[in-house]
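# Structural overview for review
Spelled out from the first residue to the last, the chains are:
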Amino acid sequence: MSLLIVLAALAFLILVAYRGYSVILFAPIAALGAVLLTDPSLVAPMFTGLFMDKMVGFLKLYFPVFLLGAVFGKLIELSGFSRSIVGAAIRLFGPQRAILSIVLVSGLLTYGGVSLFVVVFAVYPFAAEMFRQSNIPKRLIPATLGVGGFSFTMDALPGTPQIQNIIPTTFFGTDTWAAPVLGTLGSVFVLAVGMAYLEWRRRAAVRSGEGYGDPATLVNEPAPFAGTHLAHAGIAVLPLLLVFVSNKLFTLGIPHWYGAEHSFVPSIMGNAAPVVQGVAKITAIWAVLGALLVGVLSVLALAWRPVVTQFAEGTKAAIGGAVLAAMNTASEYGFGAVIAALPGFMVVANALGAIKDPLLHEAVTVTGLAGVTGSASGGMSIALAAMSETFIANAQAAGIPMEVLHRVAAMASGGMDSLPHNGAVITLLMVTGLTHRQAYKDIFAVTIIKTLAVFVVIGIYYATGWV
């Protein structure tokens, strides 16, 4: 019964998300409904002590990233830089390579350490303009961004600084470059198969006569450029490069400037306790925020005149979108935390222990829990915290290096995590102005490709012994 309660809560949230209802409302309803059926006395304590605690904790850390990411993306749009870069990309790759162009841009930003959510806000104006000019259906934009930003550069490509590639290092004593051969081969598989799928979908749309979409029904379309002439593409791409480089520099410099821990006294009057912060835990967030500020200031400096006339109204819309996207994702985070605390969740985790092969056991456990919680990092953290010692013992008995465990765990976390209730999926659809009905089928296809890649990598390791 406890297992059925967890599955029912998950199915309910997936259903309401797919049908377009707000997860800000229904994530706590689904989570607390499961608590009610498990132990009614825990509904209030779970709501304030776990759901709200995790939700507010997520907002505390990540809302500024959503906010600055949305403003940066809006300024890129208002400045005309998106149109300038799109024009250059079409001249370079041709109008039939719009999908490849967006995949490469979003992949480059993600591999450079830019937050996945920031990539959505920053790249969407380019994608919308390029898809419109190439007459490719807008509904393919989320899947295209998924292939470029939410797949191989998130957790497979060696050295990626995304959190999904960092979490396993603390459990297996590895580094982010673990299993470089397997990670590279897995990345090639995801990129090749993902691009083949997207191109197949594009050609099918061409054959059926489907274009970008009916302008009367499209939502969240980038605002038209109000200036008299476009900037050179080299100038237009500069803010993106500055974000990329600044993120790297801040990531390296912040620990040097602040040390491992920093504290300050919040008041010169009274006996206020010092505020102590572990710098290592928030370096990545500070670095992204600093990089986005550099990006915003660079757009203002390079395109002041076309931006300033629309700044007030444009940023209002961007800020509203950022608030909604952050609240959606935070609600999902709270839902995952509550579900992970229920007895039925442990039934799922323990049932997965029946798989005997060490790598298959790890892959299915991590991707399964990521799917239930709707979070790649959350599902992997829970799985490794509970079962990493078992994974390590089984791997050592089979002679499997820790680097392989690292790569399999990281790639598996980004598999079935992107079910309809996933916060990143909901944010992606909200930013692009699309619904689950319109675009989720293609997102799910990318999810299947990403999940298959984990088992391809496992097969390659067993067949060749490559690491």
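It should be emphasised that the depicted structure is a prediction, and the values quoted were computed from it without experimental measurement. (Residues numbered from 1 in each chain as written. Predicted model: local features only at pLDDT ≥ 70, side-chain atom pairs only at ≥ 80, totals over all residues. Heavy atoms only, no water.)

## Some points on the overall build of the chain
Across its full length, the chain holds 21 helices and two strands. In terms of overall dimensions, the chain is globule-like: its C-alpha atoms have a radius of gyration of 22 Å, near the 23 Å expected for 467 residues. Principal-axis analysis of the C-alpha atoms places the extent of the chain at approximately 70 × 65 × 45 Å. Taken across its 467 residues, the chain has 54% of its residues classed as buried. Across the chain, every contact between residues at least 6 apart in sequence was considered, and the portion connecting residues at least 24 apart equals 80%. Carbon and sulfur atoms form 69% of the exposed surface of the chain, whose accessible area is close to 19,500 Å². (Helix = DSSP H or I, 4+ residues; strand = E, 2+ residues; numbered from the N terminus. Rg over C-alpha atoms; globule rule 2.2 N^0.38 Å. Buried < 20%, exposed > 50% of the residue type's maximum accessible area, 1.4 Å probe, protein only. Contact = heavy atoms within 4.5 Å. Areas by Shrake-Rupley, 256 points an atom, 1.4 Å probe, with all protein chains shown as cover.)

## A look at the side chain of Ser 84
Mapped onto the fold, Ser 84 is located in helix α4 (residues 81–93). Engagement of the side chain of Ser 84 in a polar contact is seen with the backbone nitrogen of Ala 233, the distance being 3.4 Å. Filtering out sequence-adjacent residues up to four positions away, Ser 84 remains in contact with Leu 230, Ala 231, His 232, Ala 233 and Ala 236. (Polar contact = N/O pair within 3.5 Å; in protein donor to acceptor, adjacent residues only side chain to side chain.)

## Observations regarding the packing of helix α19 (residues 402–413) against helix α21 (residues 436–464)
The N-to-C vectors of α19 and α21 enclose an angle of 165 degrees; their axes lie 9 Å apart at closest approach. As summarised for this structure, α19 and α21 are arranged roughly antiparallel, according to the angle between their axes. Where α19 crosses over α21, the handedness of that crossing is left-handed. Of the residues in α21, those touching α19 at Val 404, Val 408, Met 411 and Ala 412 are Lys 450, Ala 453, Val 454, Val 457, Ile 458 and Tyr 461. Across the contact of α19 with α21, the residue classes break down as nine nonpolar, no polar and one charged. (Axes fitted to C-alpha atoms, helices over the stretch in contact; angles between N-to-C directions. Parallel < 35°, antiparallel > 145°, perpendicular 65-115°, else oblique. Left-handed = near helix turned anticlockwise from the far one by under 90°. Nonpolar A, V, L, I, M, F, W, Y, C, P; charged D, E, K, R; others polar.)

## Section: the packing of aromatic side chains
Under the criterion given, the structure shown has twelve aromatic pairs. An aromatic cluster is defined as three or more aromatic residues linked by ring pairs; in this entry it consists of Phe 58, Tyr 62, Phe 66, Phe 121 and Tyr 333. (Phe/Tyr/Trp six-rings, centres within 6.5 Å; stacked < 30°, edge-to-face > 60°.)

## Here's the deal with unusual backbone geometry
Note: most peptide bonds trans; most residues except glycine with negative phi. Of note in this structure, Asn 135 is not a glycine but carries a positive phi near 60 degrees. Mapped onto the fold, Asn 135 is located in the loop between α6 (116–134) and α7 (141–149). The phi dihedral of Asn 220 is positive, around 60 degrees, even though this residue is not glycine.

## With respect to the nonpolar core
In this structure, Phe 72 and Ile 339 are the most contacted members of the largest nonpolar core, which totals 139 residues. It is α6 that contributes the most residues to this core, 14 residues altogether. Other than its neighbours up to four places away in sequence, Ile 339 contacts Val 6, Ala 9, Ala 34, Phe 345 and Val 372. (Core = buried A, V, L, I, M, F, W, Y, C linked by side-chain atoms within 4.5 Å.)

## Let's talk about a nonpolar patch on the surface
Together, Met 1, Leu 3, Leu 4, Leu 7 and Val 347 make up a nonpolar patch on the protein surface, roughly 470 Å² of accessible area in all. The biggest single contributor to the nonpolar patch is helix α1 (residues 2–18), with three residues. Topologically, Val 347 is positioned in helix α16 (residues 343–351). The exposure class of Val 347 is partly exposed, given its relative accessible area of 35%. (Patch = residues over 30% accessible without salt bridge, like charges linked within 9 Å, V, L, I, M, F, W, Y side chains within 5 Å. Salt bridge = Lys/Arg side-chain N within 4 Å of Asp/Glu carboxyl O.)

## Points about the UniProt feature "transmembrane region" (unreviewed entry) in the chain
According to UniProt, the feature "transmembrane region" (unreviewed entry) maps to residues 29–52, 59–78, 98–127, 177–198, 284–304, 333–352, 364–388 and 443–463 in the numbering used here. For residues 29–52, helix accounts for 83% and strand for 0%, while the C-alpha atoms at its two ends are 13 Å apart. In residues 177–198, the share of helix is 86% and the share of strand is 0%. The end C-alpha atoms are 29 Å apart. (UniProt positions renumbered as here; feature names shortened; annotations may be inferred.)

## With respect to helix α3 (residues 43–78)
The largest bend in α3 amounts to roughly 50 degrees and is located at Tyr 62, with the proline Pro 64 lying one to four residues further along. Two residues or fewer past α3, Gly 80 is found with a positive phi of approximately 85 degrees. (Bend = angle between axes of the 7 residues up to and from the residue.)

## Comments concerning the environment of Ala 17
Within the secondary structure layout, Ala 17 lies in helix α1. Separated by 404 residues in sequence, Ala 17 and His 421 have C-alpha atoms that sit 5.9 Å apart. Apart from residues lying up to four places away in sequence, Ala 17 is in contact with Val 23, Pro 420, His 421 and His 436.

## Regarding the pattern of salt bridges
Enumeration according to the criterion identifies ten salt bridges in this entry. The salt bridge involving Glu 77 is made with Lys 74; its shortest N-O contact spans 3.1 Å. With Glu 77 and Lys 74 both in helix α3 and three residues apart, this pair spans about one turn of that helix. Neither Glu 77 nor Lys 74 differs from the other in exposure class; each is buried. We note a salt bridge from Arg 132 to Glu 129, for which the minimum N-O separation is 2.9 Å. Note that Arg 132 and Glu 129 are positioned in helix α6 at a spacing of three residues, about one turn of the helix. Judged by relative accessible area, Arg 132 falls into the partly exposed class, the value being 29%.

## Considering the environment of Ala 326
Tracing the chain through its elements places Ala 326 in helix α15 (residues 311–340). Among all residues touching Ala 326, those that are not within four sequence positions of it are Phe 58, Leu 59, Phe 63 and Phe 66.

## A word on α6
In this model, α6 (19 residues) spans 25 Å end to end at C-alpha, consistent with the 27 Å of a helix rising 1.5 Å per residue. In α6, a bend of some 40 degrees at Val 123 exceeds every other bend along the element, and Pro 125, a proline, comes one to four places later. Burial runs high along α6: 17 of the 19 residues are buried. Asn 135 lies just past α6 and shows a positive phi near 60 degrees. (Expected span 1.5 Å × (residues − 1).)

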